[in-house]
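Chain by chain, the residues run as shown.
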Amino acid sequence: MPTRKTNVVAPVKAEAPAIKTTNRPDEWKIEQGMSGAVLPVLDMTKPKTKELAPQVFGPLTKDEKAIKAVGNRDKLFAIERKGWTGFVEWENYPEKKAAAHKLLTAETFPPNPEFQLGPIPGTNPVLPGTHWKMWHHAIGGELENVADDSWKTVLKEKHPDMLHLLQFPYNGEPPKRLVTSKDITPNSLHFVRNHGGIPLINKDDYSFMLDGLVAKPRSFTLDDIMDESKYPRMKKTVTIQCSGTRRIEQILLYPGQGDEVPQAPWAEGAIGNAEYVGISLKKVIKACGGLVDGAKHLEFYGADTYFKDDNAMNYLVSVPWSKVKANEVMLAWEMNGEPLPAIHGYPLRIIVFGYIGARSVKWLYRVKAIKNPSLAPVQSAEYLYFPQQVGKHNFKMTDGIQIQEMPVSSAIMSPWTKQVCIHKGKIRCKGWAYSGGGRWPERVELSADGGFNWYTVPLENMSKKRKWSWRVWEYELPCDVEGWVEIVARCWDNSLNTQPPDVRTAWNWGLHVTSSCHRISVYSVNKSKAITKARLDEFEEKNIPFGPITVPLAFPSQTWDDYHKFWKENDPRDAEDE
């Protein structure tokens, strides 16, 4: 892009006189809320307000004696199964869990980076996953190399333009320009939200167990369930959406729970649409003689290691039998005509249609029939939707609604917020719309005035309607005005559900499900206006970039002759006193 030539004047070197002050150098920034993490808490419970300093982390400690007492970690956490790299089976071995807890409490770890009340790093990966890497190393054994192996898998299987929000456990989304470039998301561009490392499993060594409250518990290999004479295959186009999609909108306005793993700063790309092949979980339960003793939930076990409150465990969640009974839960081994990528759960994963992505467990090694929803932390302590007046100071797990079906949502992929749009009366927009639970987008609407007037996206500008799938759309939005405008998108599904109007109505302590109308601010420059066209032509003739708009005009906006002519032909500058 051409740039203007300017005369460079060497700065005058002069020592500023020392100022005696009690202010910090960044005092102004702190006072304006740009470094909220260091602001003191104001205690107003007594007649005089008191400032409470935020927590300060002390020196890191490590109790080598306690760590040594645990024993040989390579033996304690050795490989579980032939052909399963990076897998530790925790759930049947309380002694392993106890040993891991001792290791995790024998040392202190550095704090996570503050990314909500402080600046989000301008790096890719954005966040490193400091704690999770160190926890895996602290356990050692089969987990020692998981972080490095997982990153190698990311680099091998994902598109080079992926945005890596969290390096480990891996959380990544495609850039906006590629999110809706196709109705079916290519495997390399499908978002990933992993909760632990990526186990590397050989197909020939793979099997999973179906047990618990079933008549005849048994183990299944991949070849077993791929036998079409026993299990009819399913092929479904399914959208998987993370409950953190568009979380950045909540974070930037109203920060909340701050763990870097559950609360990665997702934008609009934590959603993907793919075609899966597999079988209905219902058929496998039938092969085990069906459920017994009042079983009402199916609990899924993932081979990845998950950490919570200084404890190690496998990734566990559950869904109700009614969902499975309706043939809406799939055991999938194929994604978009290819074997599942390792990063997406190879060789077998769960796909739960219309539910939060967290229920679609990867690297499945066990399905257990149980009576009640899983008590595992991911189900009972996380992925909860809290009331607005619930937060760090007063929340209980039972205050939250367990998130299952995803609500209706939509997002604008182009243009981007704060972008300048030069147009001739219409701003070219594109994006996606989705509704969970078997509902689908019926109508997408756009507004160029903050939500006062709405235009309907024509059906021919939307992708195919499917029960479990998103719809991508494009529309040239009429916009006559110039200057800053707020473009808003909203979706109506077939049940006439639509989106809350703004982010505040969607805010919750866990920062989940930003389902409010998607709003972006863009600067409208309407070239159908004569004055605007003439000014833009002048920029082009002088070979001066128009952006950014905040840079002062590089040439006079009006000649003095024209200026004087105007006042001769119009009223004087000052009103006369008659």
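Predicted model, so just to flag it, every value in this text is computed and none were measured. (Residues numbered from 1 in each chain as written. Predicted model: local features only at pLDDT ≥ 70, side-chain atom pairs only at ≥ 80, totals over all residues. Heavy atoms only, no water.)

The residues that UniProt annotates with the feature "domain: Moybdenum cofactor oxidoreductase dimerisation" (unreviewed entry) are residues 402-523. Helix makes up 3% of residues 402-523 and strand 44%, and the two end C-alpha atoms of the span are 40 Å apart. (UniProt positions renumbered as here; feature names shortened; annotations may be inferred. Helix = DSSP H or I, 4+ residues; strand = E, 2+ residues; numbered from the N terminus.)

Scored by pLDDT, the protein has a mean of 94; 97% of the residues are at 70 or more. This model gives residues 1-8 a pLDDT under 50, and the stretch forms five contacts once residues within four places in sequence are excluded. (pLDDT = per-residue confidence, 0-100. Contact = heavy atoms within 4.5 Å.)

Right, let's talk about the sheet that holds strand 20 (residues 409-414) for a bit. Strand order in the open sheet formed by three strands is 20-22-25, and the pairing between neighbours is antiparallel. Each having just a single partner strand, strand 20 and strand 25 (471-478) make up the two edges of the open sheet. For this sheet the average axis-to-axis angle between neighbouring strands, irrespective of direction, equals 30 degrees. Where strand 20 and strand 22 (residues 426-434) come together, five bridges link them in antiparallel fashion. Paired with I412 across the strands is G431, a residue of strand 22. (Pairing = 2+ DSSP bridges. Axes fitted to C-alpha atoms, helices over the stretch in contact; angles between N-to-C directions.)

Moving on, we come to helix 4 (residues 94-105). The end-to-end C-alpha distance of helix 4, which contains 12 residues, comes to 17 Å, matching closely the 16 Å that a straight helix rising 1.5 Å per residue would cover. Within helix 4 the residues assigned to the buried category are K96, A99, A100, L103 and L104. Along the axis of helix 4, the buried residues cluster in a sector spanning 135 degrees; they form a single face. Exposed side of helix 4, more than 90 degrees from the buried face: P94, E95 and K102 are the residues found there. Buried residues in helix 4 make contact with helix 2 (64-70), helix 3 (73-76), helix 5 (130-139), strand 12 (297-308) and strand 13 (311-320). (Expected span 1.5 Å × (residues − 1). Buried < 20%, exposed > 50% of the residue type's maximum accessible area, 1.4 Å probe, protein only. Arc of directions from axis to C-beta.)

In this section: the domain arrangement of the protein. Annotation of the protein at the domain level lists domain 1 (64-384), domain 2 (408-526) and domain 3 (530-569). Computed from C-alpha atoms alone, the centre-to-centre distance between domain 1 and domain 3 is 57 Å. (Domains from an automatic or database assignment.)

Nonpolar side chains in soluble globular proteins generally cluster together in the buried interior. In terms of nonpolar packing, the biggest core is built from 89 residues, with F208, L281 and F300 touching the most fellow members. When residues are assigned to domains, this core turns out to be shared by domain 1 (64-384) and domain 2 (408-526), each giving three or more. Membership of the second largest hydrophobic core comes to 31 residues, among which are L166, V238, I248 and A274. (Core = buried A, V, L, I, M, F, W, Y, C linked by side-chain atoms within 4.5 Å.)

Below, the discussion takes up unusual backbone geometry. Note that the residue after F168, namely P169, is joined by a cis bond; omega there is -10 degrees. Cis rather than trans, the peptide bond between S414 and P415 has omega equal to 0 degrees. The topology assignment puts P415 in the loop between strand 20 and strand 21 (420-423). At N327, a position not held by glycine, the phi torsion is positive, near 60 degrees. Here N327 is to be found in the loop between helix 11 (321-325) and strand 14 (329-335). Although it is not a glycine, N543 sits at a positive phi angle of roughly 60 degrees. Here N543 shows up in the loop between helix 14 (530-541) and helix 15 (560-569).

Glancing now at the side chain of H195. Locating H195 in the fold gives a position in the loop between strand 6 (192-193) and strand 7 (200-201). According to the relative accessible area criterion, H195 is buried, its value standing at 5%. For H195, the side chain forms a polar contact with the side chain of R193, separated by 3.2 Å. A distance of 2.7 Å separates the side chain of H195 from the side chain of Y383, its partner in a polar contact. Sequence-distant contacts of H195, that is, excluding residues within four places in its chain, are made with W132, P169, D304, T305, Y306, Y315 and Y383. (Polar contact = N/O pair within 3.5 Å; in protein donor to acceptor, adjacent residues only side chain to side chain.)

Scanning the entire structure with this criterion turns up 22 aromatic pairs. One aromatic cluster in this structure is built from F109, W132, W135, Y306, F307 and Y315. We note R490 situated over the ring of W454; from NZ or CZ to the ring centre the distance is 3.8 Å. (Phe/Tyr/Trp six-rings, centres within 6.5 Å; stacked < 30°, edge-to-face > 60°. Lys NZ or Arg CZ within 6 Å of the ring centre and 35° of its normal.)

Okay, the packing of helix 4 against helix 5 next. In contact at an axis separation of 9 Å, helix 4 and helix 5 are set at 120 degrees when each is read in the N-to-C sense. Relative to helix 5, the element helix 4 is oriented oblique. Handedness of the crossing formed by helix 4 with helix 5: right-handed. The residues of helix 5 that touch helix 4, namely those facing A100, L103 and L104, are W135, A138 and I139. (Parallel < 35°, antiparallel > 145°, perpendicular 65-115°, else oblique. Left-handed = near helix turned anticlockwise from the far one by under 90°.)

Of all 11 residues in strand 26 (residues 483-493), eight are buried, a share of seventy percent or more. Pairing geometry for strand 23 (residues 441-447) and strand 26, over six bridges, is antiparallel. Bridge pairing links P441 to D493 in strand 26. When strand 26 meets strand 27 (residues 518-526), the two strands line up antiparallel, connected through seven bridges. In the strand pairing of strand 27, V485 is matched with V522.

Taken in spatial order, the five strands of this open sheet run 9-8-17-12-13, and their pairing is mixed. This sheet does not close on itself; its edge strands, each paired only once, are strand 9 (218-221) and strand 13. Strand-to-strand twist across the sheet, computed as the mean angle between neighbouring axes with direction ignored, equals 25 degrees. In terms of strand pairing, strand 8 (residues 207-212) meets strand 17 (residues 364-370) through four bridges, oriented parallel. Across the sheet, G212 pairs through a bridge with A369, a residue of strand 17. The strands touched by helix 4 within the sheet are strand 12 and strand 13, with strand 13 carrying the most contacts at an inclination of about 125 degrees.

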